[in-house]
Structure formats: C-alpha cells, structure tokens
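# Working through the structure, step by step
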Amino acid sequence: MSAEEIVRSQISAARRRIDALERRTASAPAEAHPFVDDALHELQTAMEELQVSEEELRQQNETLAESREALETERLRYQDLFQNAPDPYLVT
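What you see is a predicted model, and the numbers here were worked out from it, not measured in a lab.

### Considering the overall build of the protein
- Each helix and strand counted, the protein has two helices and zero strands in total.
- Classification of the 92 residues of the protein by burial places 12% in the buried group.
- Expressed as a percentage of contacts within the protein between residues at least 6 apart in sequence, the contacts between residues at least 24 apart total 57%.
- As presented, the protein carries roughly 7,700 Å² of accessible surface, and 55% of it is formed by carbon and sulfur atoms.

### Observations regarding a nonpolar patch on the surface
- A contiguous nonpolar patch, built from Tyr78, Leu81 and Phe82 and spanning about 280 Å² of accessible area, is present on the exposed surface.
- Looking at the element boundaries, phenylalanine 82 is found in helix H2 (residues 33–83).

### A few points about the environment of leucine 43
- Relative to the helices and strands, leucine 43 resides in helix H2.
- Of the residues examined, leucine 43 reaches a relative accessible area of 34% and is grouped as partly exposed.
- A C-alpha to C-alpha distance of 7.0 Å links leucine 43 and isoleucine 18, two positions 25 residues apart in sequence.
- Setting aside its immediate chain neighbours within four residues, leucine 43 contacts Ile18 and Leu21.

### Examining a negative patch on the surface
- Together, Asp37, Asp38, Glu42, Glu48 and Glu49 make up a negatively charged patch on the protein surface.
- Of note, glutamate 49 is situated in helix H2.

### Focus: the pattern of salt bridges
- For the structure shown, the criterion picks out four salt bridges.
- Between glutamate 72 and arginine 75 there is a salt bridge, and its shortest N-O distance comes to 2.6 Å. Within this pair, glutamate 72 and its partner arginine 75 are both found in helix H2, separated by three residues, close to a single helical turn.
- Among the charged side chains, a salt-bridge network with shared partners connects Glu55, Arg58 and Glu62.

### Considering the nonpolar core
- Counting residues in hydrophobic clusters, the biggest one holds six residues: Val7, Ile11, Ala14, Ile18, Leu40 and Met47.
- When contributions to this core are tallied by element, the ones reaching two or more residues are helix H1 (3–26) and H2.
- The element contributing the most residues to this core is H1, with four residues.
- For valine 7, the residues in contact, after removing those within four places along its chain, are Glu54 and Leu57.

### Topic: the side chain of glutamate 54
- Residue placement: glutamate 54 occurs in helix H2.
- Residues within four places of glutamate 54 in sequence aside, it is in contact with Val7, Arg8 and Ile11.

Rules of the game
Residues numbered from 1 in each chain as written. Predicted model: local features only at pLDDT ≥ 70, side-chain atom pairs only at ≥ 80, totals over all residues. Heavy atoms only, no water. Helix = DSSP H or I, 4+ residues; strand = E, 2+ residues; numbered from the N terminus. Buried < 20%, exposed > 50% of the residue type's maximum accessible area, 1.4 Å probe, protein only. Contact = heavy atoms within 4.5 Å. Areas by Shrake-Rupley, 256 points an atom, 1.4 Å probe, with all protein chains shown as cover. Patch = residues over 30% accessible without salt bridge, like charges linked within 9 Å, V, L, I, M, F, W, Y side chains within 5 Å. Salt bridge = Lys/Arg side-chain N within 4 Å of Asp/Glu carboxyl O. Lys, Arg positive; Asp, Glu negative; His and termini not counted. Charge placed at Lys NZ, Arg CZ, Asp CG, Glu CD. Core = buried A, V, L, I, M, F, W, Y, C linked by side-chain atoms within 4.5 Å.

Here it is in structure tokens:
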C-alpha cells in the first residue's frame, strides 16, 4: 500500500469517527455540549490539516514521478549514445 493510500485510509477512518462523535453529541446532556463541541471543532481542524497534507503529498508524489521519468529518459538516451558510438567517448 502506498503512502498516499495509507493517508487516504486514515482520513476516511477519522471522518467516520467524527461523524460518530457528532451523532453521539446530539444525544449527550446539554451541559456536556460545550466540551464536546470544542473537541469536535479540534477534530475537524485536524481533518482539514490532514487533507491539506494529503494534497501536498499527492503533489510531491507527482513531482517525484515526473523527475524519475525524466531521469530515466536521460539515462536511456546516454546509454544508447554510448552503446551505439563508433569510437569511445571521454565524459568529464
């Protein structure tokens, strides 16, 4: 499982927990609501931060894949150049 898939899985699990807490809050005694509301707000803030981190990770993975592809293209180009050269090359 890739890091991106793990993060998505964790975010989904956290969303399910937040939803469950919100349902429980509706049936909690009125005096508990301020504390529960604060906790839910903190959880929602953490979820938003996780989603931002997930997007940053996705973008970094795309950049890494593009760089890796460009590097492999250059490696193959130089490999072909040296294998098909009629005379030896000196690279400095």
